[in-house]
Amino acid sequence: MEVTLGFLGAARNVTGSRYLLKANNVRLLVDCGLYQEREFRSRNWNPFPISPDSLGAVLLTHAHLDHCGLLPKLVRDGFRGRIYCTTATSDIAQIMLLDSANIQEEDAEFKRRRHEREGRKGPFPEVPLYTADDARASFPLFSPVRYGEAIQIGDGVEATFYDAGHVLGSSMIKVRVSGKGEERTILFSGDVGRWNKPILQDPTLFGEADYVLVESTYGDRLHEGSTDITNMLAEIVNSTRKAGGNIVVPSFALERAQEVLYYLNELLIEDRVPHLVVFLDSPMAVSITEVFEQHPELFDREMTKLVRRNRSPFEFMGLKMVQTVDESKAINHIRGTVAVIAGSGMCTGGRIKHHLVRNISRPESTILFVGYQAGGTLGRQIVDGAGEVRILGQQHIVRARIAQIHGFSAHADRDELFRWLSGLRRPPKHLFVTHGEPQVAERFANLVREKTNWEISVPHYGVEVVLE
Ligand SMILES: [Zn+2]
């Protein structure tokens, strides 16, 4: 029996997760993600390294675009198999993919006009990577699975999904291959979540697997704890209210927005902040929050208790879900302190820009960052302390308080990754460290080597290995 594993993404980098497993007569992909780092984005445009129509299935760990964002292209280019994932992942991925397609279409149009004006050609074609129609064409292939239920993919290949505790519906996937009296198990960590994170269950631990792939995004650092989050948030809400300003929170639509609501709700229940009007001003975040509400079976114990006591963080008094542009504009006319959570998380687009224009020059307001700010983004300029920033074509002096809470990460940190690996009572035949910057992945691999005598490697892009 020959089983091979190919590393077609998230190999010595963080995005573009994509692994090719060949076993018996079955070929399948685990994840089919978008490359988001500038230096690797050209790979999104390359033809797939394997003909899409030769693939039997895609196993999708979760709905982040760096794991699912190339599915519309895969389907457009001929993939006709099933895309297996949990129902929540299916619901959220479809929202994310449509949004991504709309952005791809807008970007292409913007680029076309700019090149026309400047009379030049860019390195990539001025067509969208995929369209909203391409995204919709992939939806019928989504095939929901339940945690813990083994599904038959084909000839001697079965896969089981387990809760990864990363974002709603996220999974770790164990693939079992058997044939000719032999058997191998391959465990894909997906993105490893965190213990005691709000709303979600803890990541699943595994006693054994022959081959293990582990992500390493934060393999060389430790996160702040959640008590810090509550204390910092309480201080920010109270002092901003005292000053008479607004709290503006740029946020990702998936998980982060819902967690901010969770913590605000907690502070309100505990009376640590006075009554507060909170706007979730992002149609995408509102839709995703609805998916959360449809899946109470995925909540952890604390969240389940809150919902049973009618204390849901998605329905507290003062919380307004904003859909239309008019509703969004009306927020500006409200007097007194309000909190506005809006996208995009790094201030590169979306409604957050309008709220920044209204608040960034007001010393009484606070701009609160709760997520990673990549280099080159408006969000990064602001957290780095720029005195003046350009928003929607106009310069604005930064006078608002700029605050940042780091503890919100959805990824396990170094110790949490160790905790996940420590579940393995039998040493794996090989551990592949993936999904991390090269230095971080190497450092994490070395740390694991120091503590174990396992065979470990940090695979390069394009490498294919035989799993014996
Ligand atoms: Zn993720």
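Residues numbered from 1 in each chain as written. Predicted model: local features only at pLDDT ≥ 70, side-chain atom pairs only at ≥ 80, totals over all residues. Heavy atoms only, no water.

Enquirer: I keep staring at the sheet that holds strand S16 (residues 366–369) and nothing clicks. Help me out?
Expert: Hydrogen bonds along the backbone pair up the strands of a sheet, which may run parallel or antiparallel. Strand order in the open sheet formed by six strands is S14-S13-S15-S12-S16-S19, and the pairing between neighbours is parallel. Among the strands making up the open sheet, the edge pair consists of strand S14 (319–321) and strand S19 (401–404). Within this sheet the neighbouring strands show an average axis-to-axis angle of 20°, counted without direction. Where strand S12 (residues 247–250) and strand S15 (residues 338–342) come together, four bridges link them in parallel fashion. Looking at S15, one finds that Pro250 is bridged to Ala342. (Pairing = 2+ DSSP bridges. Helix = DSSP H or I, 4+ residues; strand = E, 2+ residues; numbered from the N terminus. Axes fitted to C-alpha atoms, helices over the stretch in contact; angles between N-to-C directions.)

Enquirer: Honestly, the coordination of the zinc ion in this entry has me stumped. Any pointers?
Expert: As a benchmark, a tetrahedral metal site with four donors has ideal angles of 109.5 degrees, while an octahedral site with six donors has ideal angles of 90 or 180 degrees. All of the protein donors around the zinc ion are His62 (NE2), His64 (ND1), His166 (NE2) and Asp191 (OD); their distances to the metal are 2.2 to 2.3 Å. Viewed at the metal, the four donor atoms of the zinc ion are separated by angles of 93 to 166°, and the geometry they form is irregular. For the zinc ion, all donor residues lie on one chain, and their spacing in sequence is H-x1-H-x101-H-x24-D. With a gap of 104 residues between them, His62 in the loop between strand S4 (57–59) and helix H1 (65–68) and His166 in the loop between strand S8 (157–163) and strand S9 (171–179) connect regions that are remote in the sequence. With respect to class, His62 is no different from His166; both count as buried. (Donors = N, O, S within 2.8 Å, 3.2 Å for Na, K, Ca; no water. Tetrahedral: all angles 85-135°; square planar, octahedral: opposite > 155°, others 65-115°. Buried < 20%, exposed > 50% of the residue type's maximum accessible area, 1.4 Å probe, protein only.)

Enquirer: Sorry, what's going on with unusual backbone geometry here?
Expert: In most cases, non-glycine residues show a negative phi, while peptide bonds are predominantly trans. Looking along the chain, the bond that leaves Gly343 and enters Ser344 is cis, with omega of 5°. One can find Ser344 in the loop between S15 and helix H10 (352–359). Phi at Ile199 is positive, roughly 75°, even though this residue is not glycine. Here Ile199 is to be found in the loop between strand S10 (182–188) and strand S11 (211–215). Even without being glycine, Cys347 reaches a positive phi, approximately 65°. Relative to the elements of secondary structure, Cys347 occurs in the loop between S15 and H10.

Enquirer: What exactly am I supposed to notice about the pairing of S10 here?
Expert: With respect to burial, S10 is a largely interior element, five of its seven residues being buried. As paired elements, S9 and S10 share seven bridges and run antiparallel to each other. Each residue of the ladder has a partner; that of Val175, found in S10, is Ile186.

Enquirer: Looking at this structure, I do not really get the pairing of strand S18 (residues 394–397). What am I missing?
Expert: As a general feature of sheets, a regular strand has side chains that alternate between the two faces. Where strand S17 (residues 388–391) and S18 come together, four bridges link them in antiparallel fashion. Each residue of the ladder has a partner; that of Glu388, found in S18, is Ile397. Taken together, S17 and the strand that follows it, S18, pair antiparallel across an intervening segment of two residues, in which Leu392 is found at a positive phi of about 50°.

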